[in-house]
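# Topology and contacts: notes
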Amino acid sequence: MEKTRKITISSYNYLLEFSAVPNAIRTEFLSLLLKRKNAASQKNIMLLRIIYDIIEKNQIHEWDPQAVCDTLGVTPDTLNRHRSRLLKKIKKFYTGWNESEKEAGLKIKYSENKYEVNERYFRINFSKALNMMDKGLRIEAKNLFISIERKLVKSKVNENYKYITLLHLYERLIVYYALKTDKPKVLYFYKQLNKTVNETSKLDLSDKERVQIDILKNYGSYSADHFQFNKKADPAKANYYLKKVLKVAQNIDAYDYVLRALYGLATLENDLNNKKRAEYYSQKGYLTALKTGNEPAKYAFLSILYIMKLQNRQEDMSIKYEDILNFYFRLKSSNPLNTWALYLESLCAQICMLKNKPETAEFYKARLNSNILSGGHIYAAYLLFYIEWERYNAYIKQSLFFNSDNILVSGNIDKTILQNADNVCLNTINYNKSVKSGDFIRDIYMLQLLAVYFQEDNFDNEKATLICGKLNRLFNTKRNIDQLRSYEIIKYCIKIVAISNSSAEIEKYIFPFKKLIDEFKRYPNEIDLLLYAIISSLARRVKIKEITAIVKDLYHWLEAHHPEILAPALREIEERASKVKLIDGSKQSAA
């Protein structure tokens, strides 16, 4: 397989973040910079135009830093400084961040007491970091948290303030790294959290301060244990920690943690299909948000309740989905990367999907971009890939047609579509080395294998064999990965295509292939249009009567026993036919 990576992972992620900023914001940002005198000839403006052009052409993976340096007449170090500053500026512009560090410094400049100066310094900067986090500038907030922690550990300030602030910092850093699935960092800060909790036992703390420590300890434990995409995460433990947080946070009216715990419990119980418990926590969250005037949280809990009613086909809803969407758009325009805005983004996508609204894809795309900008490149890798997977599935469905034998078969697929699918797989593997989910890696290789398989005029058997080898090694080394039965069928199809010029060779595969298909019929829930398209494509390509007979038999069996599998393709064909008739009719009437 050819080497396709041309840029570093950090450069790829940098450009990915830039591409995640809405196009309208990018245009407005450039217009603002161009108002400066002689702006058009400045290096940073020239660089910005180059970045915009690469994003517009969807050529991020082709970024060539040396060529950019030559164009701008700068050194690599200067290029890195320019691009880093540009990204920081456009993110702050997008989120509306405008607090000045200089102003923060003036607040503490003239104090006479050294201890008071230190404490006020930490209070101001910690508050600033929290505000950054609220605005969605999570990477910047994380860097400030770490800077505060390093200075605070060595600083002479009030001991009670010092340890409780350190616990706040560790809890926030655990959440940040847990969402990035950075296990070593999570474990490090979790260790620091527990160490600091133990050190507070010697302090003379108030009851309220003890409760604060309990909240931070349990929420940190919940975040450390509940890794994103970690199959070993224990729902019972997550439930235990969140309930403890909820109980103690209510005692001191720590409503931020009350709402966080209620949202975690509501979504957890909903995922576990415990609908009554999910409804209870959602209702409680809604009332708490109403009491505290937290509008974003109120609409998030309302959305969960709305989704559960949609799933139960209940129509007696006190709120319209348009109201939820309208609030989301207002929040997105004022605070686009706020945590509750991100929650609401996902919930709106679910609502639109359940109501079969065309906005669904746009919401998922917005959620993807928000995650990229919030520092969640790992999560973005999953979403980017599965968006492409769904798009590819749609093309496969559209390629199906009835042949002369009145059997549904897969037609040729556009080479550009196949190449794009292959590129997505390669980029996902190359630029997301910290993705460790075996099932996810399997899906990447499977899509890449299909992209190679459907390259009918330019089928690369060597590449297909290489990908099969990678999948085989994956299944052998990571035994907890589900080995799909469909993979065995795809492997057979590839073998048959590879020897399609030799009838004698194909004969050896016909009987085991038929046996494999017959065995597969015992698991109809694993048969989908994509798999049928793979098999039917084989019959059309090799033109062997025994293979054609196998496909005919499979089609008639699906038609008789599982018409729901074929239904999406039949609807697609019917819609295409209706459009053709409409066009023909228009032409006739025009004539």
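Conventions and cut-offs
- Residues numbered from 1 in each chain as written.
- Predicted model: local features only at pLDDT ≥ 70, side-chain atom pairs only at ≥ 80, totals over all residues.
- Heavy atoms only, no water.
- Helix = DSSP H or I, 4+ residues; strand = E, 2+ residues; numbered from the N terminus.
- Buried < 20%, exposed > 50% of the residue type's maximum accessible area, 1.4 Å probe, protein only.
- Contact = heavy atoms within 4.5 Å.
- Areas by Shrake-Rupley, 256 points an atom, 1.4 Å probe, with all protein chains shown as cover.
- Phe/Tyr/Trp six-rings, centres within 6.5 Å; stacked < 30°, edge-to-face > 60°.
- Lys NZ or Arg CZ within 6 Å of the ring centre and 35° of its normal.
- Axes fitted to C-alpha atoms, helices over the stretch in contact; angles between N-to-C directions.
- Parallel < 35°, antiparallel > 145°, perpendicular 65-115°, else oblique.
- Left-handed = near helix turned anticlockwise from the far one by under 90°.
- Nonpolar A, V, L, I, M, F, W, Y, C, P; charged D, E, K, R; others polar.
- Polar contact = N/O pair within 3.5 Å; in protein donor to acceptor, adjacent residues only side chain to side chain.
- Salt bridge = Lys/Arg side-chain N within 4 Å of Asp/Glu carboxyl O.
- Expected span 1.5 Å × (residues − 1).
- Core = buried A, V, L, I, M, F, W, Y, C linked by side-chain atoms within 4.5 Å.
- Arc of directions from axis to C-beta.
- pLDDT = per-residue confidence, 0-100.

### Points about the overall build of the protein
Per the secondary structure count, the protein includes 27 helices and two strands. Here the protein, with 591 residues, has 50% of them falling under the buried criterion. Here the contacts in the protein between residues at least 6 apart in sequence split such that 66% fall between residues at least 24 apart. Taken as a whole, the protein presents about 30400 Å² of accessible surface, with 50% of it coming from carbon and sulfur.

### Overview of the packing of aromatic side chains
For the coordinates displayed, the defined rule picks out 28 aromatic pairs. Pairing Y121 with F122 gives two aromatic rings, centres 5.3 Å apart and planes at 75°, and the pair type is edge-to-face. In this structure an aromatic cluster arises from ring pairing among Y170, Y176, Y177, Y188 and F189. Across from the ring centre of Y52, 5.8 Å away, lies the NZ or CZ of R26, which sits over that ring. A cation over a ring is seen here: K495 above Y492, with NZ or CZ 5.4 Å from the ring centre.

### A closer look at the packing of helix α15 (residues 295-311) against helix α17 (residues 339-354)
Where α15 meets α17, the axes come as close as 9 Å, and the angle between the chain directions of the two elements is 20°. The orientation of α15 with respect to α17, classified from their angle, is roughly parallel. With respect to the hand of their crossing, α15 and α17 are arranged in left-handed fashion. Of α17, the residues touching α15 (which contributes P296, A297, Y299, A300, F301, S303, I304, Y306, I307, L310 and Q311) are W340, L344, L347, Q350, I351 and L354. Its residues assigned to classes, the contact of α15 with α17 comprises 14 nonpolar, three polar and no charged.

### So, the environment of Q311
Positionally, Q311 belongs in helix α15. In this structure Q311 comes out as partly exposed when scored by relative accessible area, which is 37%. For the pair Q311 and K355, spaced 44 residues apart in sequence, the C-alpha to C-alpha distance is 9.9 Å. Residues within four places of Q311 in sequence aside, it is in contact with N270, K275 and L354.

### Here's the deal with the side chain of S536
Positionally, S536 belongs in helix α25 (residues 529-542). The class for S536 is buried, based on a relative accessible area of 0%. A distance of 3.2 Å separates a polar atom in the side chain of S536 from the backbone oxygen of A533. Excluding its chain neighbours within four sequence positions, the residues that come into contact with S536 are L400, L408, V409, S410 and V551.

### With respect to the pattern of salt bridges
Close approach of charged atoms allows side chains with opposite charge to pair. Evaluated as defined, the whole model comprises 19 salt bridges. Between R172 and E171 there is a salt bridge; the shortest N-O distance is 3.9 Å. Comparing R172 with E171 shows no difference in burial state: the two are buried. A single salt-bridge network, built from bridges that share partners, covers E171, R172, D256 and R260.

### Some remarks on α25
Residues spaced three or four apart along an α-helix point in a common direction, a consequence of the helix completing one turn every 3.6 residues. Under the 1.5 Å per step criterion, the end-to-end length of α25 is 20 Å for 14 residues, consistent within 8% with the ideal 20 Å. Where burial is concerned, most of α25 is hidden: 13 out of the 14 residues are buried. K543 occupies a position one or two residues after α25 and carries a positive phi of about 50°.

### Overview of unusual backbone geometry
Glycine aside, the phi torsion of most residues is negative, and most peptide linkages are trans. Phi at D253 takes a positive value of approximately 55°, unusual for a residue other than glycine. For D253, the location among the structural elements is in the loop between α12 (235-251) and α13 (255-271). Owing to a relative accessible area of 47%, D253 belongs among the partly exposed residues under this scheme.

### Observations concerning the packing of helix α2 (residues 23-33) against helix α3 (residues 43-56)
Describing two packed helices takes the angle between their axes plus the distance from one axis to the other. Running from amino to carboxyl end, α2 crosses α3 at an angle of 165°, the nearest separation of the two axes being 11 Å. With respect to each other, α2 and α3 are oriented roughly antiparallel. Here the hand of the crossing between α2 and α3 comes out left-handed. Here R26, T27, F29, L30 and L33 of α2 lie close against α3, whose contacting residues are I45, L48, R49, Y52 and I55. For the contact of α2 with α3, the class distribution of residues is seven nonpolar, one polar and two charged.

### A few points about the nonpolar core
Ranked by size, the top nonpolar core spans 89 residues in total, and within it F145, I215, F301, I324 and L344 carry the most contacts. Here this core takes twelve residues from helix α9 (residues 159-179), the largest share from any one element. Listed in part, the 71 residues of the second largest apolar core include I407, I527, A539 and I547.

### Quick notes on the environment of A567
Residue placement: A567 occurs in helix α27 (residues 563-590). Sequence spacing of A567 and L529 is 38 residues, and the spatial spacing of their C-alpha atoms is 9.3 Å.

### A look at helix α26 (residues 545-561)
The end-to-end C-alpha distance of α26, which contains 17 residues, comes to 24 Å, matching closely the 24 Å that a straight helix rising 1.5 Å per residue would cover. Taken residue by residue, α26 has I547, I550, V551, L554, Y555, W557 and L558 as its buried positions. Along α26, the residues classed as buried sweep out an arc of 165° about the axis, all on the same side. Away from its buried face, by an angle of more than 90 degrees, α26 presents the exposed residues K545 and A560.

### Notes on the confidence of the model for the protein
For the protein, the mean per-residue pLDDT works out to 83, and 88% of the residues sit at or above 70. Confidence, expressed as mean pLDDT per element, reaches its minimum in the protein at helix α6 (residues 101-106) with 46 and its maximum at helix α14 (residues 275-292) with 94. The low-confidence segment residues 101-106 (pLDDT under 50) makes three contacts with residues lying over four places distant or belonging to another chain.

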